[in-house]
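Next come the chains, spelled out residue by residue.
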Amino acid sequence: SGGGGQQRSAAASASSGSQDNDGEEDKGVKLGLGDFIFYSILVGRATKDSSGDFNVILACFIAIVIGLCLTVILLAWLRKALPALPFSIAFGLVFYFATAKVITPFTNDLISAQVFI
């Protein structure tokens, strides 16, 4: 009967160890599939509306990555759950309109005047 108690305690510690490992897997940053769908829609819409202007597409992509980095930094700093979409979508929209309405016309004017920077 003494050996059975040791076996049960060893089994209990093994099962609690596996629960600890499961808890460690739950820690970290998780993004849902919906987040990636919205990012894809933004870049796809930028591609369609800008007639394939690579500057606009690249600006949207970079803005989404900057927003994700900002979200991860805030997650580490605040240590609480945050939505992943607001910063990335906000930066994406700002970069999209800035590039499509300001930067692209400016570069087109420079090209037509043959001014090289």
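Draft legend 1. Inspection of the packing of helix α3 (residues 54–78) against helix α4 (residues 85–112) at higher detail. Relative orientation of the contacting elements α3 and α4 amounts to 150 degrees, with a least axis distance of 8 Å. Classified by the angle their axes make, α3 and α4 are roughly antiparallel. Crossing of α3 against α4: the hand is right-handed. Across the interface between the two elements, Asn55, Val56, Ala59, Cys60, Ala63, Ile64, Ile66, Gly67, Leu68, Leu70, Thr71 and Leu74 from α3 touch Phe87, Ser88, Phe91, Gly92, Phe95, Tyr96, Thr99, Ala100 and Thr104 from α4. Split into classes, the residues belonging to the contact of α3 with α4 amount to 14 nonpolar, 7 polar and no charged.

Draft legend 2. Quick peek at the packing of aromatic side chains. Summed over the entire model, instances satisfying the criterion amount to 3 aromatic pairs. With a centroid separation of 6.1 Å and 90 degrees between ring planes, the pair formed by Phe36 and Tyr39 is classed as edge-to-face. Separated by 3 residues within a single helix, Phe36 and Tyr39 lie in helix α2 (residues 33–49), roughly one turn from each other. Given the relative accessible area of 41%, Phe36 is considered partly exposed. Residue Tyr39 is classed as buried on the basis of its relative accessible area, which comes to 6%. Ring geometry for Phe91 against Phe95: centres 6.4 Å apart, planes inclined by 85 degrees, an arrangement best described as edge-to-face. Remark: Phe95 and Phe91 occur in helix α4; sequence separation between them is 4 residues, near one turn of the helix. For Phe95, a relative accessible area of 29% gives the class partly exposed.

Draft legend 3. Just the pattern of salt bridges, in detail. According to the stated counting rule, one finds 1 salt bridge in the structure shown. Note that Asp49 and Arg45 form a salt bridge whose closest N and O atoms lie 3.1 Å from each other. Taken together, the positions of Asp49 and Arg45, both in helix α2 and 4 residues apart, correspond to about one turn of that helix. Judged by its relative accessible area of 47%, Arg45 falls in the partly exposed class.

Here is what the cut-offs are and how they apply
Residues numbered from 1 in each chain as written. Predicted model: local features only at pLDDT ≥ 70, side-chain atom pairs only at ≥ 80, totals over all residues. Heavy atoms only, no water. Axes fitted to C-alpha atoms, helices over the stretch in contact; angles between N-to-C directions. Helix = DSSP H or I, 4+ residues; strand = E, 2+ residues; numbered from the N terminus. Parallel < 35°, antiparallel > 145°, perpendicular 65-115°, else oblique. Left-handed = near helix turned anticlockwise from the far one by under 90°. Contact = heavy atoms within 4.5 Å. Nonpolar A, V, L, I, M, F, W, Y, C, P; charged D, E, K, R; others polar. Phe/Tyr/Trp six-rings, centres within 6.5 Å; stacked < 30°, edge-to-face > 60°. Buried < 20%, exposed > 50% of the residue type's maximum accessible area, 1.4 Å probe, protein only. Salt bridge = Lys/Arg side-chain N within 4 Å of Asp/Glu carboxyl O.

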